[in-house]
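A look at the structure
Spelled out, the chains give:
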Amino acid sequence: MRCFYAPETEGHDPQFRLTHGTVVRNAERAERAKLLLEGLSRLDLTAETPPEAPRAAYEAVHTPEFVSFLETGWEEWQKLPNAGPEVVPNVFPRGEMTTYPETIVARAGWHMSDTSAPIGAKSWEATRRSADCAVAAANTVIDGAPAAYALCRPPGHHTTADVAGGHCLMNVTAIAAQQLRTAHEHVAVLDIDVHHGNGTQAIFYDRADVLMVSVHAETHDYYPFYTGYAHETGAGAGQGFNLNLPLPRSTTSEAWLAAVDQGLERIKAYAPGALVLSLGLDAHENDPLDGMKVSFDGFAEAGRRIAAAGLPTVIVQEGGYLSPDLPTSLAAFMGGFLGKDPRAA
């Protein structure tokens, strides 16, 4: 399997995060990539550097204003008096938004839903190259490969067309799905990250050409809080093409795999030309974000079942945070998907 990773993404190493009123170190750190690369190495998989994608690939799912904000926002922020080292919004619009703001402080609040995805000096280059990985993996599958993997960080599934959040900048999953749409009439997304893929849902919510299925922890007391409920089934032309499968945070492998199976059944009925898998590994029982209780064997079995669906598949890395178990989680899933021994013992 071809795998893609861009070293430039390590330049995005956010510091700021606000949790329960306390400033803490951000969880989406550059060293995540080293752990994920270690996981690939256990299967003798090596990552290649992706080519640069055209800007049109990003703007196929994101507004030009949002892409421009990501590109220039940090430099504009640094012109503020006493500016901090990262763009962190301190004001957010509520209710109806009718006038796009001019100042960088106001635009930060417009384009960022929370304080967990701060933008630093190299964040634009990182998210651009992360998206390039997703596009390269999608193009590999379009060219006939049965599957390809994109090691994307920062991740993307919490970002809508014009609002970033939840450690995410550009929505790499949506970019991969839209790229696949250039070759396939219908594409499915299966998101198994422990968090609801609210941004991906929002991007495709009123469309019938991309089916969105998300298996995640219940959101009444867990990020992203406001979405991810079973009654969210799509709107307009997209009615019936959004499936949320929320599970209790106490969920272990058996029940989680049953939900994955339910999602795969819906995807089978949809009969897409290709699949994008939002591969979050933060459902693992030892992940520091404490979302679910899935084991290594659970991830391996999920890999086998998703591969057995027989769809051309773009695997896009989403969550999975700093833990000695992260490489094993990736090796277990990929080993299951590829039918290989992950040497995870």
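Here, every reference points to the structure presented above.
The paragraphs below set out a description of the structure included in this document. Just so we're clear, the structure is a prediction, and the values are computed from it rather than from any experiment.

Time to look at the overall build of the protein. Counting its regular elements, the protein contains 10 helices and 10 strands. Scaling as 2.2 N^0.38, a compact globule of 345 residues should have a C-alpha radius of gyration of about 20 Å, and the protein matches this with 19 Å. Across its three principal axes, the protein shows a C-alpha extent of roughly 55 × 45 × 40 Å. Of the roughly 13300 Å² that the protein leaves accessible, carbon and sulfur atoms contribute 52%.

One can describe the packing of helix α3 (residues 64-77) onto helix α4 (residues 104-111) by two numbers: an axis separation of 10 Å at closest approach and a directional angle of 135°. Considering their axes alone, α3 and α4 lie oblique with respect to each other. Between α3 and α4 lies a crossing of left-handed hand. Note on element contacts: α4 touches α3 through Ile104, Val105, Arg107, Ala108 and His111, opposite Glu65, Phe66, Phe69, Gly73, Glu76 and Trp77. Grouping the amino acids of the contact of α3 with α4 by side-chain chemistry returns 6 nonpolar, 2 polar and 3 charged.

In this model helix α8 (residues 253-270) runs 25 Å from its N-terminal to its C-terminal C-alpha over 18 residues, within 8% of the 26 Å that 1.5 Å per residue would give. Every buried residue of α8 is accounted for by Ser253, Trp256, Leu257, Ala259, Val260, Gly263, Leu264, Ile267 and Tyr270. Projected onto a plane normal to the axis of α8, the buried residues spread over an arc of 155° and lie on a single side. Facing away from the buried side of α8 by more than 90 degrees, the exposed set consists of Glu254, Glu265, Lys268 and Ala269. Summarising the contacts, the buried residues of α8 are in contact with β6 (187-191), β7 (210-217), β8 (242-247), β9 (274-279) and α9 (296-308).

Bringing the packing of aromatic side chains into the picture now. Summed over the entire model, instances satisfying the criterion amount to 7 aromatic pairs. Each ring, one from Tyr100 and one from Trp110, has its centre 5.3 Å from the other, and the planes form 85°; the classification is edge-to-face. With a gap of 10 residues between them, Tyr100 in the loop between α3 and α4 and Trp110 in helix α4 connect regions that are remote in the sequence. With a relative accessible area of 31%, Tyr100 lands in the partly exposed category. A relative accessible area of 15% places Trp110 in the buried class. Every member of this aromatic cluster is reached through a ring pair, and the members are Tyr223, Phe225 and Tyr226. When the ring centre of Tyr321 is taken as reference, the NZ or CZ atom of Arg32 above it lies at 4.9 Å.

Another aspect to go through is the pairing of β9. The element β9 is extensively covered by neighbouring structure, given that 6 of its 6 residues are classed as buried. The alternating pattern of β9 places Ala274, Val276 and Ser278 on one face and Leu275, Leu277 and Leu279 on the opposite face, and all of these are buried. Note that the unit made of β9, α9 and strand β10 (residues 313-317) has a crossover that is right-handed.

Helix length check: helix α10 (residues 326-338), at 13 residues, gives a terminal C-alpha distance of 18 Å against a target of 18 Å (1.5 Å per residue), a fit within 8%. Counting buried positions along α10 gives 12 out of 13 residues, so the element sits mostly inside the fold. Along α10, the residues classified as buried are Leu326, Pro327, Thr328, Ser329, Leu330, Ala331, Ala332, Phe333, Met334, Gly335, Gly336 and Phe337.

Moving on: the sheet that holds β8. Taken together, 8 strands build an open sheet; the order of strands is β4-β1-β5-β10-β9-β6-β7-β8 and the sheet is parallel. Single-partner strands in this sheet number two, and they are β4 (47-48) and β8. Sitting on the sheet, helix α5 (residues 123-142) touches β1 (2-4), β5 (147-150) and β10, and the angle it makes with β5 is about 175°.

Time to look at the environment of Gln179. Mapped onto the elements, Gln179 comes out in helix α6 (residues 172-180). The class of Gln179 is buried, set by a relative accessible area of 18%. Sequence separation between Gln179 and Val135 is 44 residues, and the spatial gap between their C-alpha atoms is 6.6 Å. Ignoring sequence-local partners within four residues, the contact set of Gln179 consists of Ala57, Val135, Ala138, Asn139 and Ile142.

Procedures and definitions
- Residues numbered from 1 in each chain as written.
- Predicted model: local features only at pLDDT ≥ 70, side-chain atom pairs only at ≥ 80, totals over all residues.
- Heavy atoms only, no water.
- Helix = DSSP H or I, 4+ residues; strand = E, 2+ residues; numbered from the N terminus.
- Rg over C-alpha atoms; globule rule 2.2 N^0.38 Å.
- Areas by Shrake-Rupley, 256 points an atom, 1.4 Å probe, with all protein chains shown as cover.
- Axes fitted to C-alpha atoms, helices over the stretch in contact; angles between N-to-C directions.
- Parallel < 35°, antiparallel > 145°, perpendicular 65-115°, else oblique.
- Left-handed = near helix turned anticlockwise from the far one by under 90°.
- Contact = heavy atoms within 4.5 Å.
- Nonpolar A, V, L, I, M, F, W, Y, C, P; charged D, E, K, R; others polar.
- Expected span 1.5 Å × (residues − 1).
- Buried < 20%, exposed > 50% of the residue type's maximum accessible area, 1.4 Å probe, protein only.
- Arc of directions from axis to C-beta.
- Phe/Tyr/Trp six-rings, centres within 6.5 Å; stacked < 30°, edge-to-face > 60°.
- Lys NZ or Arg CZ within 6 Å of the ring centre and 35° of its normal.
- Right-handed = clockwise from strand over helix to strand, strands pointing away.
- Pairing = 2+ DSSP bridges.

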